[in-house]
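Now for the letters of each chain:
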Amino acid sequence: LAGRTDEVSTYVSRDAGRSWRKAREGTSVGDMGDQGAIFVLADNSRETNEIDFSIDGGTSFQTCSFSSDLQLEVKDVVSDPSVASSNFLLHGSVPREEEAYFFAIDFSMLFPRQCSDVDLAGDPGSDFELWRPTGDKQDICVMGRQVDYVRRKPSARCFVGKDNRLSTLVRNCPCQEADYECDFCYERAGEERAALKNLSSSSCVWSCEGKEKPTYPPASCLGTYMKSRGYRLVEGNTCQGGLDLRPQLLVCPRQDVQNDGGSKLGQEGASEEQGSRRLSWGGVGVGLVAVVAIGACAATSALFLKGRGIRGATEVMLSSFQPSQRGHAYSRLSTGENDDFALADQLLQDDYDETPVPVPHNI
């Protein structure tokens, strides 16, 4: 196209490229200002003393001269990098001359007032409107969200300026199947395979030939593990709620562990083997809680010492609260094989000692 400038034109889009409007004939250099409300273009293919500009966001363009006696080869047109200014700088040179020329162009005098009611964008009385990239299909979500951009209305003859901050309004949408892609080693089923397996063509199915599909839970499972359902959320997608096809975070099942002596730690109660102790990861039981609780009391009152076991120490502790009463001031908490105190006694049987234990009555 560089050698066919007569066939080239400059176009401007106000809807992210869905539609285009011709701004001027030929190639151009240019920039925008006042937060997208002003466009300035200049021909860079031949000598000129004119610019084309728009003060309605590119809806329409007008032409004016920046010099009455110079024809420049325009190199560039620039504005404030923040795109919030109405001032532009045009840079050019005269052919066969060494001097460079700069022209400052200010459009602020074209606006009689400052724009207002930016917080009411979309309201008929506001100078601002809401624009959504999906165009007429307002209910469509892109990347799991709907985004509304605040911009000045093309018909509003006012200056936006730096004080009016044009915000972006984001609302996340419920997740749908379109928000997901196939996970690693999965692919879309397609029409033929979907018909054979009674699936939808967009379903994700196992695709790694020669590789065994993983089983769950994994052999070495500690705490939690991730279970893939064949899908994962597209990177950058922000949908919330709705259809959940993401990998599941699951708790590992209870496992049997062996202690240092080689005896197996199971899921319930104490071991039948003398001297061994059985515990489960999931429930140590009330008996062990009793060990901790009564042990805490012993640390402060010298009540829990070797020689009496949990039941003996507990009975002495309870009797110390009623030194003058006869009989049983407190009843037993449980009896039989499931006696939690009996279990606690067995857990501490390695520490059992027949030596009498001196117990103070003042706690």
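Residues numbered from 1 in each chain as written. Predicted model: local features only at pLDDT ≥ 70, side-chain atom pairs only at ≥ 80, totals over all residues. Heavy atoms only, no water.

Ring pairs (aromatic) are described by centroid distance and by the angle formed between their planes. Scanning all chains against the criterion turns up nine aromatic pairs. Judged by centre distance (5.3 Å) and plane angle (85 degrees), the ring pair of Tyr186 and Trp206 falls under edge-to-face. With Tyr186 in strand β14 (residues 186-188) and Trp206 in strand β15 (residues 204-206), this pair connects stretches of sequence that are 20 residues apart. Geometrically, the ring pair formed by Tyr216 and Tyr225 is stacked, given 6.3 Å between the ring centres and 15 degrees between the ring planes. Taken together, the ring pairs connect Phe53, Phe88 and Phe107 into an aromatic cluster. (Phe/Tyr/Trp six-rings, centres within 6.5 Å; stacked < 30°, edge-to-face > 60°. Helix = DSSP H or I, 4+ residues; strand = E, 2+ residues; numbered from the N terminus.)

Across the sheet, which stays open at both edges, the four strands sit in the order β3-β4-β5-β6 with antiparallel pairing between neighbours. Lying at the two open borders of the sheet, with one neighbouring strand each, are β3 (28-33) and β6 (62-65). The average undirected angle you get between the axes of adjacent strands in this sheet is 25 degrees. Pairing geometry for strand β5 (residues 50-54) and β6, over four bridges, is antiparallel. The residue of β6 that forms the bridge with Asp52 is Thr63. (Pairing = 2+ DSSP bridges. Axes fitted to C-alpha atoms, helices over the stretch in contact; angles between N-to-C directions.)

One non-glycine residue, Gln35, lies in the positive phi region at around 55 degrees. Position of Gln35 relative to the elements: it lies in the loop between β3 and β4 (38-43). Its relative accessible area of 26% is what places Gln35 among the partly exposed residues. Positive phi outside glycine occurs at Cys185, with the angle close to 75 degrees. Among the secondary structure elements, Cys185 is positioned in the loop between β13 (180-182) and β14. (Buried < 20%, exposed > 50% of the residue type's maximum accessible area, 1.4 Å probe, protein only.)

Under the counting rule described, the total for this entry stands at 16 salt bridges. With a closest N to O distance of 3.1 Å, Lys22 and Glu25 form a salt bridge. Lys22 gets classed as partly exposed once you look at its relative accessible area, which sits at 41%. Its salt-bridge partner being Asp148, residue Arg132 comes within 2.7 Å of it at the nearest N-O pair. (Salt bridge = Lys/Arg side-chain N within 4 Å of Asp/Glu carboxyl O.)

Here we come to a nonpolar patch on the surface. On the surface, Val78, Leu89 and Phe102 cluster together into a nonpolar patch covering about 260 Å² of accessible area. Relative to the elements of secondary structure, Leu89 occurs in strand β8 (residues 87-93). (Patch = residues over 30% accessible without salt bridge, like charges linked within 9 Å, V, L, I, M, F, W, Y side chains within 5 Å. Areas by Shrake-Rupley, 256 points an atom, 1.4 Å probe, with all protein chains shown as cover.)

Overall, antiparallel pairing links the three strands, which are arranged β7-β8-β9 in an open sheet. In this open sheet, the two strands that pair with only one neighbour each are β7 (73-79) and β9 (100-106). Adjacent strand axes in the sheet meet at a mean angle of 20 degrees, parallel and antiparallel pairs treated alike. Looking at chain direction, β7 and β8 are connected through six bridges and run antiparallel. Looking across to β8, one finds that Glu73 is bridged to Ser93.

Residues of the protein chain with pLDDT of at least 70 account for 69%, and the chain-wide mean is 76. Contacts from residues 261-308, a stretch scored under 50 in pLDDT, to residues over four places away or in other chains number 89 contacts. This stretch, residues 320-363, has a pLDDT under 50; its non-local contacts, to residues over four places away or in other chains, come to 59 contacts. (pLDDT = per-residue confidence, 0-100. Contact = heavy atoms within 4.5 Å.)

The next point concerns the side chain of Arg24. Tracing the backbone shows Arg24 in strand β2 (residues 21-25). Under the relative-accessibility criterion, Arg24 is labelled buried at 11%. A distance of 3.1 Å separates a polar side-chain atom of Arg24 from the backbone oxygen of Thr27. Setting aside residues no more than four positions away along its own chain, Arg24 makes contact with Ser9, Thr10, Leu41, Asp43 and Asp52. (Polar contact = N/O pair within 3.5 Å; in protein donor to acceptor, adjacent residues only side chain to side chain.)

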